[in-house]
Amino acid sequence: MDLEARSLQPNVKAVLLAKLREYKSDLNNLKSEHKRLASANSNQAARDDLLESGMADAMSVSANQRGRLMMSTERLNESSDRIKESRRTMLETEELGVSILQDLHQQRQSLLHANDTFEGKDERKRLMRKRRKKEQVKEIKMLF
């Protein structure tokens, strides 16, 4: 997408490149947040701390651990949802960019065809004027 955006006209290119940078930044932020949450959940030391926080208050510790685990799971699910939404937005943007490029290609082809047609008519007019001049010269010569 970056290469396609750079090949567009300057006014369109600036807008698309800004959006692209924003989407890349959002995606990188979400990736790092996802990695951070995933490593926190898979970190063995964190699990050991949760499990070994004390046997005296086993019930309260267990409830506390359960609450933290539920919060962590919820945050992980929210992060996954945000990543999915970002991916969907990125794909929609890419599809839109492809569609715009296809439209621009079709318009270019139409303009090239119209230009070729116009140049052909222009050439015919020039030849007709040249013939008329020759005929007029012949007529003038015949008069003298």
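Residues numbered from 1 in each chain as written. Predicted model: local features only at pLDDT ≥ 70, side-chain atom pairs only at ≥ 80, totals over all residues. Heavy atoms only, no water.

Undergrad: Any chance you could break down the overall build of the protein for me, citing the residues and the numbers?
TA: When you go through the protein residue by residue, the secondary structure sums to four helices and zero strands. Listing every helix and strand of the protein by position from the N terminus yields α-α-α-α. Counting only residues that meet the buried cut, the protein has 8% of its 144 residues in that class. Of the contacts made within the protein by residues no fewer than 6 positions apart, 51% connect residues no fewer than 24 positions apart. With an accessible surface of roughly 12300 Å², the protein has 56% of that area assigned to carbon and sulfur atoms. (Helix = DSSP H or I, 4+ residues; strand = E, 2+ residues; numbered from the N terminus. Buried < 20%, exposed > 50% of the residue type's maximum accessible area, 1.4 Å probe, protein only. Contact = heavy atoms within 4.5 Å. Areas by Shrake-Rupley, 256 points an atom, 1.4 Å probe, with all protein chains shown as cover.)

Undergrad: Report on a positive patch on the surface, specifying residues and quantitative values.
TA: Taken together, the side chains of Lys-121, Arg-124, Lys-125, Arg-129 and Arg-132 define a basic patch exposed on the protein surface. On the secondary structure map, Arg-132 appears in helix 4 (residues 58–143). (Patch = residues over 30% accessible without salt bridge, like charges linked within 9 Å, V, L, I, M, F, W, Y side chains within 5 Å. Salt bridge = Lys/Arg side-chain N within 4 Å of Asp/Glu carboxyl O. Lys, Arg positive; Asp, Glu negative; His and termini not counted. Charge placed at Lys NZ, Arg CZ, Asp CG, Glu CD.)

Undergrad: Would you mind going over the pattern of salt bridges in detail, with residue names and values included?
TA: Tallied over the entire structure, the rule returns three salt bridges. Arg-88 is the partner of Glu-85 in a salt bridge, and the nearest nitrogen-oxygen pair spans 2.2 Å. Of this pair, Glu-85 and Arg-88 both sit in helix 4, separated by three residues, roughly a single helical turn. Residue class for Glu-85 comes out partly exposed when judged on its relative accessible area of 38%. In this structure, the salt-bridge partner of Glu-92 is Arg-88, at a minimum N-O distance of 2.2 Å. Here Arg-88 and Glu-92 lie together in helix 4, a separation of four residues that amounts to about one turn. Given a relative accessible area of 42%, Glu-92 falls into the partly exposed group. Members of the salt-bridge network, linked through shared partners, are Glu-85, Arg-88 and Glu-92.

Undergrad: Tell me about the confidence of the model for the protein, residues and numbers included.
TA: Low-pLDDT portions of the prediction should not be read for the details of their coordinates. Summarising the model, the protein shows a mean pLDDT of 81, and 81% of its residues fall at 70 or more. Mean pLDDT in the protein bottoms out at helix 3 (residues 44–51), which sits at 62, and peaks at helix 4, which reaches 87. (pLDDT = per-residue confidence, 0-100.)

Undergrad: Go over a nonpolar patch on the surface with me, naming the residues and quoting the values.
TA: Among the surface-exposed residues, Leu-96, Ile-100 and Leu-104 lie close enough to one another that they form a single nonpolar patch of about 250 Å² accessible area. With respect to the helices and strands, Leu-96 occurs in helix 4.

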